[in-house]
Amino acid sequence: MRRRLHVDWRDGLSLVGTILAALSLAFVVPIVVALAYGGEDLWVFVVSMVVTAGFGLSLRRLEPEPDPGAREAFLVVALTWLFAAVFGALPYVLAGNGAVAHPVNALFESMSGFTTTGATVMHDISFDTHSRAIMMWRQLTQWLGGMGIIVLAVAILSQMAVGGAQLMEAETPGPGVSKLTPHIAETARVLWLAYLFFTVLYVALLYGLHLAGYAPNMDLYNAIAHGFTTLPTGGFSPEARSIEAFSPIVQWLVVPFMFVAGVNFVLWWHVISGDPWALLRDNEFRLYLGAVTTLSIVGAAMLFFSALETPETGAIGGNIERSARYATFQIASLVNSTGYANADFAEWSGPMKGLLLFAMFIGGSTGSTGGGIKVLRWLVILKSLRREVFTTIHPEAVRPVRMNGQVLDEDAVRGIYAFTLLYLVIFFVGIALLAVDAARVGLELELIDVVSASIATLGNIGPGLGEVTGPMGGYESFPTSSKLLMILYMWIGRLEIFPVLVLLTQAYWRS
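For the structure given in this document, a descriptive report is provided here. Worth saying up front: this structure is predicted, and the values here are computed from it rather than measured. (Residues numbered from 1 in each chain as written. Predicted model: local features only at pLDDT ≥ 70, side-chain atom pairs only at ≥ 80, totals over all residues. Heavy atoms only, no water.)

With that out of the way, let us pick up the overall build of the chain. Secondary structure summary: the chain contains 23 helices and four strands in total. A compact globule built from 511 residues would reach a C-alpha radius of gyration of about 24 Å, and the chain, at 22 Å, matches this within 12%. Taken over the C-alpha atoms alone, the chain extends approximately 70 × 70 × 55 Å along its principal axes. Taking as baseline every contact in the chain between residues at least 6 positions apart, the subset at least 24 positions apart corresponds to 71%. (Helix = DSSP H or I, 4+ residues; strand = E, 2+ residues; numbered from the N terminus. Rg over C-alpha atoms; globule rule 2.2 N^0.38 Å. Contact = heavy atoms within 4.5 Å.)

Rendered as structure tokens:
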């Protein structure tokens, strides 16, 4: 076996090529959609498939029998997500319709899709501008990125069995996904099967509402399209007004599935396997449930006692069902970074926006498709702070931080503090850079637009809270340099920062 003294970039690029070649098969879905709807943009996806597969197979030839190690895993993961976004942008550019025809805008939309951010530069979301195949590709990119491209590759490609554990660890570098089975490839398949199960169930229920007459515009196309973006906590919709375009019963149905997507899928596998109490035994799940429930109740009360109303539905204030629906929906959507909207919350009051901004910082659970800092990290921070208060009062006491009854290693606690601090530093740097760039080109933005654009892209949330970045707005008006910064933020946010930063250090490349 080769002794590794430095990064073997040939092994890394070869694995990236293998994944890209496999990923090119995803273009089959929009090809089928194009054929079903008259062949519009069919050639776009055929060309995109050939180019992606050709590039991937070319990289594969660099090292036909790769033997990746832990160092190569960082290179593979970072480049896979970057190249996936680049080649995922090809259909937008080739189709040449609307704002996404511009290469930078296309890359923004593609990166937003694969990282399940849901931020968009499409101000013209309509089948009059974009074909159904293009819109379905936009949705599909989020489903592919939701559980993780690397996890999918480990699950289906025998070549990924070697080094699969390191790759999955590098792709989800936070508090990790439990190993459910003796073989890492089988664990990856288990996670994707749970993900697929909920997606199919959700699509069936949405379409069932349509067949029952409760959701006239939730046809099979829309049901599948939203199935592709709810479970990955993505937030893209082929409807310009997002979930607001559908009936209240559809909006209520979306809520539990957004919640499901923010829970560790390892727990769902235990539930599906016959152990429903696995959820309540988990500390992180209890905090996640408590956070969503508490914030939803507070938000519903704030909306109920407001004078808010919308042109579409009338008064929200004083109406219990509407107040509960709008608050619960938006809290569930923003806590785990889904980014759907059932109202233009950019028009809500300052205190309500503050509540939503707070929700954006929580994040989903580890092992879920949710973005953000993650509930487990906040739980560890809260436990460690409580420990510090206790040991201040009782200096002789030894009180380790425990998670689900297990003592947490102190290095892990320090790592969580380091990640959270770095996350907040990058967030504030983003605010400064976006504000300076907007001033440079004379773009007038409110502070809430700049603040929420930074957290919405870094946290893979999508919509912001201002008039420009709000759920019924978009990011098209930002200068190109700001879009490139936000593309970077979406990329490092999805990989939780460290796999990308590691590549920028001399120690990584040095023997």
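A few words now on the side chain of K483. Relative to the elements of secondary structure, K483 occurs in helix α21 (residues 480-494). No salt bridge is formed by the buried K483, whose closest oppositely charged neighbour, E476, lies at an N-O distance of 6.2 Å. (Buried < 20%, exposed > 50% of the residue type's maximum accessible area, 1.4 Å probe, protein only. Lys, Arg positive; Asp, Glu negative; His and termini not counted. Salt bridge = Lys/Arg side-chain N within 4 Å of Asp/Glu carboxyl O.)

A word on the environment of L501. Mapped onto the secondary structure, L501 falls in helix α22 (residues 498-503). Sequence separation of L501 and D124 is 377 residues, and the distance between their C-alpha atoms is 35 Å.

A complete count under the given rule lists 27 aromatic pairs for this structure. With centroids separated by 5.8 Å and ring planes inclined at 35°, the aromatic side chains of F108 and Y475 adopt a geometry described as tilted. Pair noted here: F108 is in helix α6 (residues 103-114) and Y475 is in the loop between α20 (447-458) and α21, with a separation of 367 residues, a long-range link. The same class applies to F108 and to Y475, which are both buried. The structure contains a cluster of three or more aromatic residues connected by ring pairs, namely W143, W192, Y195, F197, F198, F228, F265 and W268. Against the face of F419 rests R377, its NZ or CZ located 3.7 Å from the ring centre. (Phe/Tyr/Trp six-rings, centres within 6.5 Å; stacked < 30°, edge-to-face > 60°. Lys NZ or Arg CZ within 6 Å of the ring centre and 35° of its normal.)

For the pair helix α2 (residues 28-36) and helix α7 (residues 132-147), interaxial distance at closest approach is 8 Å and the crossing angle is 155°. Classed by the angle they form, the pair α2 and α7 counts as roughly antiparallel. Along this stretch, α2 crosses α7, giving a crossing that reads as right-handed. Contacts from V29, P30, V33 and A34 of α2 reach α7 at R132, A133, M136, W137 and L140. Tallied by class, the residues present in the contact of α2 with α7 amount to eight nonpolar, no polar and one charged. (Axes fitted to C-alpha atoms, helices over the stretch in contact; angles between N-to-C directions. Parallel < 35°, antiparallel > 145°, perpendicular 65-115°, else oblique. Left-handed = near helix turned anticlockwise from the far one by under 90°. Nonpolar A, V, L, I, M, F, W, Y, C, P; charged D, E, K, R; others polar.)

Membership of the largest hydrophobic core comes to 143 residues, with the highest contact counts inside it found for L231, F265, W348 and Y475. Residues within four places of W348 in sequence aside, it is in contact with L303, L308, Y326, Q330, A343, K353 and L356. (Core = buried A, V, L, I, M, F, W, Y, C linked by side-chain atoms within 4.5 Å.)

If you check which residues of helix α13 (residues 265-272) are buried, you get F265, V266, L267 and W268. Put simply, N264 is the residue that caps the front of α13, since its side-chain oxygen is 2.9 Å from the backbone nitrogen of V266. Backbone geometry just after α13 places G274 at a positive phi near 105°. (Polar contact = N/O pair within 3.5 Å; in protein donor to acceptor, adjacent residues only side chain to side chain.)

Interhelical geometry of helix α4 (residues 70-88) versus α6 gives an angle of 130° and a closest axis separation of 8 Å. When the interaxial angle is binned, α4 and α6 end up oblique. Where α4 crosses over α6, the handedness of that crossing is right-handed. Seen from α4, the contacting residues are W81, L82, A84, A85, V86 and G88; seen from α6, they are L107, S110, M111 and F114. Taken together, the residues of the contact of α4 with α6 sort by class into eight nonpolar, two polar and no charged.

What the rule picks out here adds up to 10 salt bridges. For the salt bridge of R138 with E109, the shortest nitrogen-to-oxygen distance reads 2.8 Å. Of this pair, R138 sits in helix α7 while E109 sits in helix α6, and the two are 29 residues apart along the sequence. Here R138 falls in the buried class, since its relative accessible area comes to 1%. E109 gets classed as buried once you look at its relative accessible area, which sits at 0%. For the salt bridge of R414 with D411, the shortest nitrogen-to-oxygen distance reads 2.1 Å. A residue pair is termed a helical-turn pair when its members lie 3 or 4 positions apart in one helix, as R414 and D411 do in helix α19 (residues 410-440) at three residues.

Generally, phi is negative for residues other than glycine and the peptide bonds are trans, each holding for most cases. Backbone geometry places S242, a non-glycine residue, at a positive phi of 55°. The residue S242 is located in the loop between α11 (220-230) and α12 (248-261) in this model. For S242, a relative accessible area of 8% corresponds to the buried category. Phi at E496 takes a positive value of approximately 55°, unusual for a residue other than glycine. Here E496 is to be found in the loop between α21 and α22.

One can find A240 in the loop between α11 and α12. What makes A240 partly exposed here is its relative accessible area of 47%. As for A240 and G473, which are separated by 233 residues in sequence, their C-alpha atoms are 9.6 Å apart. Apart from residues no more than four positions distant in its own chain, A240 is found in contact with I125 and M472.

It is worth spelling out a nonpolar patch on the surface at this point. Residues F197, L201, L205 and I272 make up a contiguous nonpolar surface patch of about 320 Å² in total accessible area. By residue number, the principal contributor to the nonpolar patch is helix α10 (residues 184-211), which donates three residues. Relative to the assigned elements, I272 resides in helix α13. Taking relative accessible area as the criterion, I272 reaches 39% and is therefore assigned partly exposed. (Patch = residues over 30% accessible without salt bridge, like charges linked within 9 Å, V, L, I, M, F, W, Y side chains within 5 Å. Areas by Shrake-Rupley, 256 points an atom, 1.4 Å probe, with all protein chains shown as cover.)

Okay, helix α1 (residues 9-23) next. Think of an α-helix as turning once every 3.6 residues; residues three or four places apart then point the same way. Taking 1.5 Å per residue as the helical rise, α1 with its 15 residues ought to reach 21 Å, and the 21 Å between its terminal C-alpha atoms agrees with that figure. Here α1 lies mainly inside the structure; 12 of its 15 residues are buried. If you check which residues of α1 are buried, you get D11, G12, L13, S14, L15, V16, G17, T18, I19, L20, A21 and L23. (Expected span 1.5 Å × (residues − 1).)

The next thing to look at is the environment of T141. Here T141 lies in helix α7. The sequence separation of T141 and F419 amounts to 278 residues, and the corresponding C-alpha distance is 27 Å. Once residues within four sequence positions are removed from consideration, T141 is found in contact with G113 and F114.

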